[in-house]
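# Summary of structural features
These are the residues of each chain, in order.
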Amino acid sequence: MKTESSNDVTRILVVGGGYVGMYTALRLQRKLKPELQQGSVEIIVVDPEPYMTYQPFLPEAAAGSISPRHVVVPLRRVLPRCKVVIGEVTAIDHGDRRATITTLAAEETGNGAVEVEYDELVLAPGSVSRTLPVPGLADVGIGFKTVEEAIGLRNHVLAQLDIASSTRDPAVRDAALTFVFVGGGYAGVEALAELEDMARYAVRYYHNIQPEDMKWILVEATDRILPEVGPDMGRYAVRELRARNIDVRMETRLESCEKRVAQLSDGSRFPTRTLVWTAGVKPHPILAATKLPLNAHGRLQCTPALQVDGVEHAWSAGDAAAVPDLTAPPPATPDAPRALCAPNAQHAVRQSKVLAENIAAAVRGGPIQDYAHKYVGSVASLGLHKGVAHVYGRKLKGYPAWFMHRAYHLSRVPTFNRKARVLAEWTLAGLFKREIVSLGSLENPRAEFELAAGTGRHNEAS
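Here is a short report on the structure shown in this document. (Residues numbered from 1 in each chain as written. Predicted model: local features only at pLDDT ≥ 70, side-chain atom pairs only at ≥ 80, totals over all residues. Heavy atoms only, no water.)

### Describing the overall build of the protein
- Looking only at helices and strands, one finds 14 helices and 25 strands in the protein.
- In terms of C-alpha radius of gyration, the protein reaches 24 Å, essentially the compact-globule figure of 23 Å for 462 residues.
- Overall, the protein is about 75 × 75 × 45 Å in size when its C-alpha atoms are taken along their principal axes.
- In the protein, buried positions account for 49% of the 462 residues.
- Pairs at least 24 residues apart make up 65% of the contacts formed inside the protein by residues separated by at least 6 positions.
- Within the structure as shown, the protein displays about 22,400 Å² of accessible surface, and the carbon and sulfur contribution to it stands at 53%.
- Across the protein, 53 positive and 51 negative side-chain charges occur, with their mean positions spaced 7 Å apart. (Helix = DSSP H or I, 4+ residues; strand = E, 2+ residues; numbered from the N terminus. Rg over C-alpha atoms; globule rule 2.2 N^0.38 Å. Buried < 20%, exposed > 50% of the residue type's maximum accessible area, 1.4 Å probe, protein only. Contact = heavy atoms within 4.5 Å. Areas by Shrake-Rupley, 256 points an atom, 1.4 Å probe, with all protein chains shown as cover. Lys, Arg positive; Asp, Glu negative; His and termini not counted. Charge placed at Lys NZ, Arg CZ, Asp CG, Glu CD.)

### Some words on the pattern of salt bridges
- A full pass over the atoms with the stated rule returns 18 salt bridges.
- One salt bridge in this structure joins Glu-42 and Lys-83, with 2.4 Å as the shortest N-O distance. One end of the pair, Glu-42, is in strand β3 (residues 41-47); the other, Lys-83, is in strand β6 (residues 83-93), and 41 residues separate them in sequence.
- With a relative accessible area of 13%, Glu-42 lands in the buried category.
- The class for Lys-83 is partly exposed, based on a relative accessible area of 47%.
- Its salt-bridge partner being Arg-98, residue Glu-117 comes within 2.8 Å of it at the nearest N-O pair. Taken together, the residues Glu-117 in strand β8 (residues 114-117) and Arg-98 in strand β7 (residues 98-103) connect sequence positions 19 residues apart.
- The buried category is assigned to Glu-117, whose relative accessible area is 16%.
- By sharing partners, the salt bridges in this structure join Glu-196, Asp-197, Arg-200, Arg-244 and Lys-386 into a single network. (Salt bridge = Lys/Arg side-chain N within 4 Å of Asp/Glu carboxyl O.)

### Quick notes on the sheet that holds strand β25 (residues 394-397)
- In spatial order, the strands read β23-β24-β25; together these three strands make up an open sheet with antiparallel pairing. Edge strands, defined here as strands with exactly one partner in the open sheet, are β23 (377-381) and β25. Across the sheet, the mean angle from the axis of one strand to that of its neighbour is 5°, orientation sign disregarded. (Pairing = 2+ DSSP bridges. Axes fitted to C-alpha atoms, helices over the stretch in contact; angles between N-to-C directions.)

### Some remarks on the environment of Val-89
- When you line up the elements, Val-89 lands in strand β6.
- Spatially, the C-alpha atoms of Val-89 and Leu-79 are 19 Å apart, while their sequence positions differ by 10 residues.
- In this view, Val-89 contacts Val-15, Val-46, Ala-99, Thr-100, Ile-101 and Ile-286; residues no more than four positions away in its chain are not counted.

### Some remarks on the packing of aromatic side chains
- Going through the model one piece at a time under the given rule, you end up with seven aromatic pairs.
- Aromatic side chains Tyr-399 and Trp-402 sit 5.3 Å apart centroid to centroid with 45° between the ring planes, which places their arrangement in the tilted category. Separated by three residues within a single helix, Tyr-399 and Trp-402 lie in helix α12 (residues 399-412), roughly one turn from each other.
- On the basis of relative accessibility, which here comes to 6%, the residue Trp-402 falls in the buried class.
- What links up through ring pairs into an aromatic cluster is the set Tyr-19, Tyr-54, Phe-57 and Trp-426. (Phe/Tyr/Trp six-rings, centres within 6.5 Å; stacked < 30°, edge-to-face > 60°.)

### Describing the side chain of Glu-357
- With respect to the helices and strands, the residue Glu-357 is situated in helix α11 (residues 345-364).
- In this structure the side chain of Glu-357 is engaged in a polar contact, spanning 3.3 Å, whose partner is the side chain of Lys-31.
- Apart from the residues lying within four places of it in its own chain, the contact partners of Glu-357 are Arg-27, Lys-31 and Gln-369. (Polar contact = N/O pair within 3.5 Å; in protein donor to acceptor, adjacent residues only side chain to side chain.)

### Comments concerning helix α1 (residues 19-31)
- Relative to the 18 Å expected for 13 residues at 1.5 Å per residue, α1 spans 18 Å between its end C-alpha atoms, a close match to the ideal helical length.
- Burial analysis of α1 places 10 of its 13 residues in the buried class, the great majority of the element.
- What α1 keeps buried is the set Tyr-19, Val-20, Gly-21, Met-22, Tyr-23, Thr-24, Ala-25, Leu-26, Leu-28 and Gln-29. (Expected span 1.5 Å × (residues − 1).)

### Some details on a nonpolar patch on the surface
- Residues Leu-428, Leu-431 and Phe-432 make up a contiguous nonpolar surface patch of about 350 Å² in total accessible area.
- Mapped onto the elements of the fold, Phe-432 is located in the loop between α13 (416-431) and α14 (447-455).
- Of the residues examined, Phe-432 reaches a relative accessible area of 57% and is grouped as exposed. (Patch = residues over 30% accessible without salt bridge, like charges linked within 9 Å, V, L, I, M, F, W, Y side chains within 5 Å.)

### Observations regarding unusual backbone geometry
- In this structure, Asn-245 is a non-glycine residue whose phi angle is positive, near 70°.
- As for its placement among the helices and strands, Asn-245 is situated in the loop between α10 (231-243) and β14 (246-250).
- Non-glycine residue Lys-291 carries a positive phi angle of around 65°.
- Following the sequence through the fold, Lys-291 ends up in the loop between β19 (281-283) and β20 (300-301).

### Thoughts on the nonpolar core
- Counting residues in hydrophobic clusters, the biggest one holds 116 residues, and the most contacted among them are Ile-12, Ile-43, Leu-79, Ile-92, Phe-181, Trp-216 and Val-388.
- Sequence-distant contacts of Leu-79, that is, excluding residues within four places in its chain, are made with Met-22, Ala-25, Leu-26, Gln-29 and Val-45.
- Listed in part, the 14 residues of the second largest apolar core include Val-134, Cys-257, Leu-264 and Trp-277. (Core = buried A, V, L, I, M, F, W, Y, C linked by side-chain atoms within 4.5 Å.)

### Observations regarding α10
- Compared with an ideal rise of 1.5 Å per residue, which puts 13 residues at 18 Å, α10 spans 18 Å between its outermost C-alpha atoms and is within 8% of the ideal.
- Restricting attention to buried positions, one finds in α10 the residues Met-233, Gly-234, Tyr-236, Ala-237, Val-238, Glu-240 and Leu-241.
- Residues of α10 that are buried in the fold lie against α9 (186-202), β13 (215-220), β14, β24 (387-391) and β25.
- Downstream of α10 by a residue or two, Asn-245 has a phi angle that is positive, lying close to 70°.

### Describing the pairing of β3
- Counted residue by residue, β3 has seven buried out of seven residues, so it is predominantly covered.
- Residues Val-41, Ile-43, Val-45 and Asp-47 of β3 are buried on one face, and the alternating residues Glu-42, Ile-44 and Val-46, pointing to the opposite face, are buried as well.
- The pairing of strand β2 (residues 10-15) with β3 spans six bridges and is parallel. Across the sheet, residue Thr-10 finds its bridge partner in β3, namely Val-41.
- Sheet topology note: the β3/β6 ladder contains four bridges and is parallel. Residue Ile-44 lies in a different strand from β6, and its bridge partner there is Lys-83.

Here is the structure:
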């Protein structure tokens, strides 16, 4: 099946429906509204999922502070003037301006992939988890990049409390109550802090588990955590976590996790049933298949105008793009490379605005502009009513930082609908007790029926 581009229609192909992809398409459908109505422009957004995940809310979704459906934004609802294709781009031939897309229907029918011709290409596939060849990691590791992983981790943690409460085997109990998180960045620290907060609250309803029975361990290979908030706030975060009996181990690596035993580089061994891997990300594999210029880290080499360097009609931003930071001090020597924009959400959202403006200008034949944004700082949550922040040179900690964290991300989550729902949930959470129920059956809804049909568990008397 082929979808060819008409000479009278300018087709913009957006690969990825995350921060950059969704925000770029959202602004493009506003900027190019007359052309879209006339049919002279077509925007196609391709992503494996029908929604965009607002990842800063994943820790709160895992802790039960926010409903999972309010962490995601349905693409078809916010992009009514775009064609949303649920599938994965498997190949791009930019010389012929052609992309190959594998859709769910193609997998079911066996009719092959869909080929789409385009005029302008936006590469925003995001990133994927960066794993290391640690023995046992592929078998027992749990990621934390998607809403499915966040909810699965919540169910898993609560299930471990149930296991510990119902066994008399001290080895099983100890492993169930030991939680190891690898990676001291935003994802690892916020996920650990929120889940420890939730679990400490939940154990008050278990007659034979006390908060001090649980072991929470954070493993970080460098000498600091949360580097984005600065060294002072990073040290405060360590003190705050350790005050909650969380074992923070810096300059330490995970060497093995075979047979459900976490072996650390400092010689420590922890039998555990929970190992969460948040030790960094890497560019999406599709970038290497495009034959477009990449830097040493596998990101697309881009100009300050967010064009792929030396390539016409190809654009990128966010995690996939190595964009020069025009606000950074110039390099010490002329031959030294210029500093790049950090691949974070703050730059991604702002880059998508400039990217959409430049693509609209290219379609209409107007001038394009460079992206320049001075990094204003970072905020991080350390659990309910606790946080750290370093914003506009000011350092905040505790409740003010936590409040700023919530206020900032509430302002950034897309659509008024989502903002209102999240705010309502936060308000209700302040008035009522936490929900501590585990809905593990959501991950395998047919398990009960398969059990009944296959084993006769619920056989009726004949």
